[in-house]
Amino acid sequence: MWAIFGVGNGWKENSVANHTVDPTLRAPHVAIYDALREAWNEYGFSPSKIELRNATHYSITTVNKVVKDLKAKGYITAPKFQVRQMKPTDLDRTLSIAPLPPWEALTPPRKYFVLEKRKTHR
């Protein structure tokens, strides 16, 4: 299934072919995984756990538990004692708890991180 939707000034193709349905996951798992994958695809680096907390609105305890669970299931790699090194094992994979409806490919993905241009004082 392929869908095309507008992004910025151009068009982007959205594939749901590389999608994994895992009924053992919960909503925080999917949201945190999507936020982590978005950060890697958009900006090329991993957000900190505090940034994941702020982006997904889950507690830091939930973020820590979800990262541990996703690592155990093999969806992400996260070396111990290294900040900003979490990375999805497959940057194209999407996760969900239940099978996607057929129109899912037509909806643009949710944005977790938005970089804002700040005014500088001179």
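As shown above, the structure is provided for reference.
The following refers to the structure shown. On a predicted model such as this, the values are computed, not experimentally measured, just so you know. (Residues numbered from 1 in each chain as written. Predicted model: local features only at pLDDT ≥ 70, side-chain atom pairs only at ≥ 80, totals over all residues. Heavy atoms only, no water.)

## Thoughts on the overall build of the chain
Each helix and strand counted, the chain has three helices and six strands in total. By residue count, 34% of the 122 residues in the chain fall in the buried class. Long-range pairs, those at least 24 residues apart, make up 66% of the contacts in the chain between residues at least 6 apart in sequence. Accessible surface for the chain amounts to roughly 8,500 Å². Of this, 56% is attributable to carbon and sulfur atoms. (Helix = DSSP H or I, 4+ residues; strand = E, 2+ residues; numbered from the N terminus. Buried < 20%, exposed > 50% of the residue type's maximum accessible area, 1.4 Å probe, protein only. Contact = heavy atoms within 4.5 Å. Areas by Shrake-Rupley, 256 points an atom, 1.4 Å probe, with all protein chains shown as cover.)

## Considerations on helix 2 (residues 49-56)
Listed as buried for helix 2 are Leu-52, Ala-55 and Thr-56. Taken around the axis of helix 2, the buried residues stretch over an arc of 80°, which confines them to a single face. Where helix 2 is buried, its residues touch helix 1 (27-43) and helix 3 (60-73). Looking at the residues trailing helix 2, positive phi occurs at His-57, about 65°. (Arc of directions from axis to C-beta.)

## Some thoughts on the environment of Ser-96
The topology assignment puts Ser-96 in strand 6 (residues 94-96). We classify Ser-96 as buried; its relative accessible area is 9%. If we ignore the near neighbours within four places in the chain, the residues touching Ser-96 are His-19, Thr-20, Val-21, Asp-22 and Val-30. Among the polar contacts made by the side chain of Ser-96, one reaches the side chain of His-19 at a distance of 2.7 Å. (Polar contact = N/O pair within 3.5 Å; in protein donor to acceptor, adjacent residues only side chain to side chain.)

None of this, on its own, says anything about what the molecule does.
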